[in-house]
Amino acid sequence: MTNFSIKVGIIGAGLAGLTCARQLCDRGYTVKLFDKSRGIGGRLATRRVNRANQEMAVDHGLPFLTVQGEKTAALIDNLLRENIVTSWFDSSYVAPSGINSVAKFLAQGLEIERDFLVTRLENRQEKWVLNNNGQIRGEFSVIVLAIPAPQAALLLENSHITTMPELRSIVYDPCLTVMAGYGDSLPAVTPSTAIAWLGLDSSKRQSSPDYVFVVHSSGDFAVKYLDSEDLEAVKLDLLACASLPLPDWSQMHRWRYALVRQGLAVPCLSVNSPLPLVACGDWCQGGDLSRNSSLETALASGIAAANQVQQLLS
């Protein structure tokens, strides 16, 4: 059996899933990714906002890249060569066209089905098939779960698969993110402890019709307001915590699984029963449980998952 005849299904087209897919494709495997969203990249997320007949890119997930280890260093070098990122400040790198361009770069040549929420895994004649409320995709020799651990645990539970109980021990902090535009007036900011990060996102672009701030809440703030029905009030409250005045426009995004608070000291998880199954992500933190190394751990886990797939199928 050649690698080309072995089909691998990857659920989740974030950084870990894209990295795993890229590795497996380079080794000759047939790979298909599935993502529940219309876009790809996970927290490599860029919102497109129209202002003054001009489309602005606003990064509402990961704001920038930093070198956290050899794998992020290699990725940034590749992105610099392709003119996708540029140096910003304090040893950080930004994507002028939006941080999502990093995901698009990694996704080149990969087969990805968007808007496909896998609700159940099924074993049919010793092959995996993916079920999205009756829509079936398959057949795959191995499945890689490259989604947040709580989502992976729920999917296995819905599939009546009892392996990988470690997934239930992983804990995330949520985050609420507000994007706010202020025309040609640049307000001063004084962030409180409710703010985890605040940046002038428009400073990443050569030209922008607005000054645009992106505000990420702390985990404690997000836990309190994550499921609030009055998002407008929450949005204004978060802006007030940054001492920002009422904006000309604003949008909010809820990140239910933003930062890993409690991960696993393993590069990935894998089982061979009932069929080969691998799980990876920034929660697979190897020996580094730092919350500031999510890029490095996602890349390392994606590579480790590809290695594990190859081992399981050899």
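Residues numbered from 1 in each chain as written. Predicted model: local features only at pLDDT ≥ 70, side-chain atom pairs only at ≥ 80, totals over all residues. Heavy atoms only, no water.

1. A short note on the overall build of the protein
And then number 1: Along the backbone of the protein there are seven helices and 18 strands.
And then number 2: Taken over the C-alpha trace, the protein has a radius of gyration of 20 Å; the compact-globule value for 314 residues is 20 Å, and the two agree within 12%.
And then number 3: Seen along its three principal axes, the alpha-carbon backbone of the protein occupies a region of about 65 × 45 × 40 Å.
And then number 4: Each charge class in the protein can be summarised by its mean position, and for the 27 positive and 30 negative side chains these summaries are 4 Å apart. (Helix = DSSP H or I, 4+ residues; strand = E, 2+ residues; numbered from the N terminus. Rg over C-alpha atoms; globule rule 2.2 N^0.38 Å. Lys, Arg positive; Asp, Glu negative; His and termini not counted. Charge placed at Lys NZ, Arg CZ, Asp CG, Glu CD.)

2. Section: the sheet that holds strand S18 (residues 277-279)
And then number 1: Spatial strand order, S8-S2-S1-S12-S18-S17: six strands in an open sheet with mixed pairing. Two strands lie at the open edges of the sheet, namely strand S8 (111-113) and strand S17 (269-271), each paired on one side alone. This sheet shows a mean twist of 20° between the axes of neighbouring strands, independent of strand direction.
And then number 2: Taken together, the four bridges between strand S1 (residues 7-11) and strand S12 (residues 142-145) define a ladder with parallel strand orientation. When the sheet's bridge partners are listed, Ile 10 is paired in S12 with Val 144.
And then number 3: The sheet strands contacting helix H1 (residues 15-26) are S1, strand S2 (30-34), S8 and S12, and the helix crosses S2 at an angle near 165°.
And then number 4: Strands S1, S12, S17 and S18 of the sheet are contacted by helix H7 (residues 294-313), whose axis makes an angle of about 165° with S18. (Pairing = 2+ DSSP bridges. Axes fitted to C-alpha atoms, helices over the stretch in contact; angles between N-to-C directions. Contact = heavy atoms within 4.5 Å.)

3. Observations regarding the environment of Phe 105
And then number 1: One can find Phe 105 in helix H3 (residues 100-106).
And then number 2: Between the C-alpha atom of Phe 105 and that of Gln 310, which follows or precedes it by 205 residues, the distance is 24 Å.
And then number 3: Sequence-distant contacts of Phe 105, that is, excluding residues within four places in its chain, are made with Asn 78, Leu 79, Glu 82 and Ile 84.

4. Observations regarding the pattern of salt bridges
And then number 1: In this structure the tally under the stated criterion is 14 salt bridges.
And then number 2: Arg 120 is the salt-bridge partner of Glu 122, the closest N and O atoms lying 2.7 Å from each other.
And then number 3: For Glu 122, a relative accessible area of 14% gives the class buried.
And then number 4: For Glu 122, the salt bridge identified is with Arg 124, shortest N-O distance 2.8 Å. (Salt bridge = Lys/Arg side-chain N within 4 Å of Asp/Glu carboxyl O. Buried < 20%, exposed > 50% of the residue type's maximum accessible area, 1.4 Å probe, protein only.)

5. Some words on the side chain of Thr 72
And then number 1: On the secondary structure map, Thr 72 appears in helix H2 (residues 70-81).
And then number 2: A polar side-chain atom of Thr 72 sits 3.0 Å from the main-chain amide nitrogen of Gly 69. (Polar contact = N/O pair within 3.5 Å; in protein donor to acceptor, adjacent residues only side chain to side chain.)

6. Points about the sheet that holds strand S10 (residues 127-132)
By way of backbone hydrogen bonds, the strands of a sheet pair with one another, either parallel or antiparallel.
And then number 1: The strand order across the open sheet formed by three strands is S9-S10-S11, and the pairing between neighbours is antiparallel. Pairing within the sheet leaves two strands with one partner each, and these edge strands are strand S9 (120-124) and strand S11 (135-140). Sheet twist, expressed as the mean angle between neighbouring strand axes with direction ignored, is 25°.
And then number 2: In the sheet, S10 pairs with S11 via five bridges, with the strands oriented antiparallel. Looking at S11, one finds that Asn 131 is bridged to Ile 136.

7. A look at the packing of aromatic side chains
And then number 1: Applying the stated criterion across every chain yields a total of eight aromatic pairs.
And then number 2: Here Phe 34 and Phe 116 contribute two aromatic rings whose centre-to-centre distance is 5.4 Å and whose plane-to-plane angle is 50°, an arrangement assigned as tilted. Pair noted here: Phe 34 is in strand S2 and Phe 116 is in the loop between S8 and S9, with a separation of 82 residues, a long-range link. This pair shows no difference in class: Phe 34 is buried, exactly as Phe 116 is.
And then number 3: Their ring planes at 85° and their centres at 5.9 Å tell us that Phe 34 and Phe 140 sit as a pair that is edge-to-face. One end of the pair, Phe 34, is in strand S2; the other, Phe 140, is in strand S11, with 106 residues separating them in the sequence. Note on accessibility: Phe 34 and Phe 140 belong to one class, buried. (Phe/Tyr/Trp six-rings, centres within 6.5 Å; stacked < 30°, edge-to-face > 60°.)

8. What about the pairing of S12?
And then number 1: Across the two faces of S12 the burial is the same, with Val 142 and Val 144 and Ile 143 and Leu 145 all buried.
And then number 2: Sheet topology note: the S12/S18 ladder contains three bridges and is parallel. Within the sheet, the bridge partner assigned to Leu 145 lies in S18 and is Ala 279.

9. Quick notes on the packing of H2 against H7
And then number 1: Across the interface, H2 lies against H7 with an axial gap of 8 Å and an inter-helix angle of 95°. When the axis of H2 is compared with that of H7, the two are roughly perpendicular. On H7, the residues touching Glu 70, Lys 71, Thr 72 and Leu 75 of H2 are Leu 295, Glu 296, Leu 299, Ala 300 and Ile 303.
And then number 2: Grouping the constituent residues of the contact of H2 with H7 by class yields five nonpolar, one polar and three charged. (Parallel < 35°, antiparallel > 145°, perpendicular 65-115°, else oblique. Nonpolar A, V, L, I, M, F, W, Y, C, P; charged D, E, K, R; others polar.)

10. Focus on the nonpolar core
And then number 1: Ranked by internal contacts, the top residues of the largest apolar core, which has 44 residues, are Val 8, Ile 10, Leu 18, Leu 24, Leu 65 and Val 144.
And then number 2: Sorting elements by how many residues they give to this core places H7 first, with eight residues.
And then number 3: Not counting the four nearest positions on each side in its chain, Val 144 is found in contact with Val 8, Gly 9, Ile 10, Ile 11, Cys 20, Val 278, Cys 280, Ala 305 and Val 309.
And then number 4: Within the second largest apolar cluster, 30 residues are counted, among which are Ile 11, Val 118, Ala 153 and Cys 284. (Core = buried A, V, L, I, M, F, W, Y, C linked by side-chain atoms within 4.5 Å.)

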